Amino acid sequence: MASALHNLSSYDATAVPDAMGMRFGIVVADWNDKYTYAMAEAAVQTLIHHGADESDIVIKHVPGSFELIYGATWMVDNAEVDAVIAIGCVIRGDTPHFDYICQGTTQGLADLNTRGEVPVVYGLLTCNTPQQAEERCGGRLGNKGTECAVTAIKMVAYKED
Ligand code: DLZ
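Draft legend 1. Up close: the sheet that holds strand S1 (residues 24-29). Strands sit in the order S2-S1-S3-S4 across an open sheet of four strands; the sheet is parallel. Of all strands in the sheet, those with a lone pairing partner are strand S2 (57-62) and strand S4 (120-127), marking the two edges. Neighbour-to-neighbour, the strand axes of this sheet turn through a mean angle of 15°, independent of strand direction. When S1 meets S2, the two strands line up parallel, connected through six bridges. Following the sheet pairing, Gly25 is matched in S2 by Val58. Helix H1 (residues 33-49) contacts S1, S2, strand S3 (83-91) and S4 of the sheet and is inclined by roughly 155° relative to S3.

Draft legend 2. Local environment of the side chain of Ser65. With respect to the helices and strands, the residue Ser65 is situated in the loop between S2 and helix H2 (68-78). At 3.5 Å, the side chain of Ser65 forms a polar contact with the backbone nitrogen of Cys89. Setting aside its immediate chain neighbours within four residues, Ser65 contacts Ala29, Gly88, Cys89, Val90, Ile101, Thr105 and Leu124.

Draft legend 3. Seen up close, the site of the ligand. Inspection of the region around the ligand gives Trp31, Asn32, Gly64, Ser65, Phe66, Glu67, Cys89, Val90, Ile91, His97 and Ile101 as its neighbouring residues. Here an oxygen atom of the ligand sits 3.1 Å away from a polar atom, N or O, in the main chain of Phe66. Measuring from a nitrogen atom of the ligand, one finds a backbone N or O atom of Cys89 at 2.8 Å. Protein chains shield 71% of the accessible area of the ligand, which is 490 Å² for the free molecule. Looking at the shell around the ligand, the elements with two or more residues in it are S3 and helix H3 (97-114). When its residues are assigned to classes, the shell around the ligand shows six nonpolar, four polar and one charged.

Reading guide: rules and limits
Residues numbered from 1 in each chain as written. Predicted model: local features only at pLDDT ≥ 70, side-chain atom pairs only at ≥ 80, totals over all residues. Heavy atoms only, no water. Pairing = 2+ DSSP bridges. Helix = DSSP H or I, 4+ residues; strand = E, 2+ residues; numbered from the N terminus. Axes fitted to C-alpha atoms, helices over the stretch in contact; angles between N-to-C directions. Contact = heavy atoms within 4.5 Å. Polar contact = N/O pair within 3.5 Å; in protein donor to acceptor, adjacent residues only side chain to side chain. Near = heavy atom within 4 Å. Areas by Shrake-Rupley, 256 points an atom, 1.4 Å probe, with all protein chains shown as cover. Nonpolar A, V, L, I, M, F, W, Y, C, P; charged D, E, K, R; others polar.

Next up, the structure:
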């Protein structure tokens, strides 16, 4: 988990399948939108860069990361997508709230994945400080949205192989 050593925007482009014809859902939490919107934008650009058509990318917003569970479930059930990317950013505050949101959201998205219908990609940043979020949303450590998009494409190809 040594993300300090890993740039989230660095990947082997030759190992990414062609995304043409693939359909993606992106659920974006509006809490900490400075970070989540930057991740969503990077995800969209990466999907398009690898051949996805903009019209095949469905974007929907939810209020906070905890609602990513419902948002992603809705996408799986209703949006006819091949993969869903759930994007949120939780930043630690003064109370244990952070832990409950991170744990609940992670468990909810994991449960959705175990349905085995549509792969759900985990784009939830869990940061101790705003600086850590900054670094992972286009800063020194790249952009988590790029990593999620590449993962989503690979997971769709996994299903189709
Ligand atoms: C309430 C809350 C707090 C304190 N912090 C965050 C956060 O850092 N990131 C985030 O995405 N959402 C946060 N929320 C909102 C919860 O995710 C959720 O929207 C509310 O608890 C309502 O269910």
